[in-house]
Amino acid sequence: MALPFLNGIGSKKRAQMIAVDLGARKTKAVLLERRGESLALLRYALLDAPIAEKKVSNEQLTEHLRAVAAALDADTKTTALAIGLDDVVMRQVELPPIPKDDMRMVLKNNTKGYMQQDLPSHVFDCYIFPPKAASSKSQAKVPEPARPGASPKLKVLVAAAKQQLMAGLQEATRSAGLNPESVVPGTIGPINAFELAMPEIFARDSVALVDIGFKHSSVCVLDRGELILTRVVNIGGDRMTAGLAETMNISYAEAEGIKVGMGQEVQSALEMQVMPLGREIRASLDFFEHQNDRPVSQVFVSGGSAQSELILGILKSELIADCKPWNVVSSLQLSLPGHQAAEVEHIGSQLTVAIGAALAAF
């Protein structure tokens, strides 16, 4: 699913690509290389995100991206950026079959009608959903005749971001010596990565993808390869850790360590922090199942918190659905330096958004 904000994507094939997931606490970056029909992971980097009282300045972001580039030590400068869940407005709309540039203009001139809110000084991009193959059940139904004079509509995923944000990202990336070829909503990353990692399940089943970030979590429900529902939940790893620290009267650092590393000793305290996220996810699944008369067969969880068997167990109990971690790295060729090769299985789920952003731009 390619939904980049900058033009030129897809016009040429790239041998290598840098992708940077600008997280609230950690920046995750990868260097990927195309090898025939496969992709290889050459290096990755996890760096502390810039700390700022209000907003990260362009100068801070430039220095941060320079550090990312140095850590990856890449020959290529071609870069895809994944931006945070709270920096993008996303909606599924119906638009007439017109060129994408015209779609962007239609959206810009009628944001209230299509996006349900006024979005002045925003830029827009669109992803046109390919027609979904009809199932045997739907083929049995007699299609409704088109209304006289009615034009066909396309189902389109629309993303909007502030012009000022986009200009700042491009300026900082260029100042860091990189070439910003795409900016991708972070929500798209897990979808692209999941299609690469599990193509059969992606095309066949109804599943939910949950990516637990630092401040927010994203929920995407896919039905046989089609994105049906997206949500951003304001519950992430930070809230779980802070709540655990308060409940157990321990430091934030101690709570962060035991959240993933310990089991039954902290179960009751951790349940109080995880169950609200489970209820929000369950509400999304219920909505999909009610609207589509299909159950969500599996829930796949990524992000740092996906390493915790206890967190996954609590979510499974709350969702009443099979809930499992997944790692897109297993679908890539690995050409990593020795120390990274030893650690990638442990941290791979944190690279999901960055790898998915690269896939949108390759």
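Residues numbered from 1 in each chain as written. Predicted model: local features only at pLDDT ≥ 70, side-chain atom pairs only at ≥ 80, totals over all residues. Heavy atoms only, no water.

Before going further, it helps to spend a moment on the sheet that holds strand β7 (residues 154–162). The strand order β5-β7-β6 describes an open sheet built from 3 strands, whose pairing is antiparallel. Among the strands making up the open sheet, the edge pair consists of β5 (89–95) and β6 (122–128). Across the sheet, the axes of successive neighbouring strands diverge by a mean angle of 30°, strand direction being ignored. Sheet analysis places β6 next to β7, joined by 7 bridges and oriented antiparallel. (Pairing = 2+ DSSP bridges. Helix = DSSP H or I, 4+ residues; strand = E, 2+ residues; numbered from the N terminus. Axes fitted to C-alpha atoms, helices over the stretch in contact; angles between N-to-C directions.)

The terminal C-alpha atoms of helix α8 (residues 237–248) lie 16 Å apart, and with 12 residues this matches the ideal 16 Å at 1.5 Å per residue to within 8%. Three or more residues of α8 are buried, namely G237, D238, M240, T241, G243, L244 and A245. Two residues or fewer past α8, N249 is found with a positive phi of approximately 55°. (Expected span 1.5 Å × (residues − 1). Buried < 20%, exposed > 50% of the residue type's maximum accessible area, 1.4 Å probe, protein only.)

Below, the discussion takes up the environment of P180. Its location among the elements puts P180 in strand β8 (residues 179–185). By relative accessible area, which is 6% here, P180 ends up buried. Sequence spacing of P180 and Q170 is 10 residues, and the spatial spacing of their C-alpha atoms is 6.0 Å.

Bringing the sheet that holds strand β3 (residues 38–48) into the picture now. One open sheet accounts for 6 strands, arranged β8-β4-β1-β2-β3-β14; its pairing is mixed. Because the sheet does not close on itself, it has two edges, and the strands there are β8 and β14 (333–334). In terms of strand pairing, strand β2 (residues 26–35) meets β3 through 10 bridges, oriented antiparallel. The residue of β3 that forms the bridge with K26 is D48.

We now examine the packing of helix α6 (residues 188–197) against helix α13 (residues 352–361). Relative orientation of the contacting elements α6 and α13 amounts to 80°, with a least axis distance of 7 Å. One way to sum up the angle between α6 and α13 is to call them roughly perpendicular. Residues G189, P190, N192, A193 and L196 of α6 lie in contact with α13, whose contacting residues are T352, V353, G356, A357, L359 and A360. Taken together, the residues of the contact of α6 with α13 sort by class into 7 nonpolar, 4 polar and no charged. (Parallel < 35°, antiparallel > 145°, perpendicular 65-115°, else oblique. Contact = heavy atoms within 4.5 Å. Nonpolar A, V, L, I, M, F, W, Y, C, P; charged D, E, K, R; others polar.)

Looking now at the confidence of the model for the chain. Residues with a pLDDT of 70 or more make up 89% of the chain, whose mean pLDDT is 88. Taken together, the stretch residues 134–144 has pLDDT below 50 and engages in 3 contacts with residues farther than four places along the chain or on a different chain. (pLDDT = per-residue confidence, 0-100.)

Our next topic: the environment of Y127. Relative to the helices and strands, Y127 is located in strand β6. Remark: the alpha-carbon pair of Y127 and A159, spanning 32 residues in sequence, is separated by 8.7 Å.

Quick look at the pattern of salt bridges now. Counting across every chain of the model gives 18 salt bridges. Among the ionic pairs, R66 bridges to E63, the shortest N-O distance being 2.3 Å. One end of the pair, R66, and the other, E63, are both in helix α1 (residues 58–72), 3 residues apart, so they sit about a helical turn from each other. One salt bridge connects K155 with E226, and the closest N-O pair in it is separated by 2.4 Å. Placement of the pair is K155 in strand β7 and E226 in strand β11 (residues 226–233), with a sequence separation of 71 residues. We classify E226 as buried; its relative accessible area is 11%. Three or more residues are tied together by salt bridges with common partners; here these are R25, E256 and K259. (Salt bridge = Lys/Arg side-chain N within 4 Å of Asp/Glu carboxyl O.)

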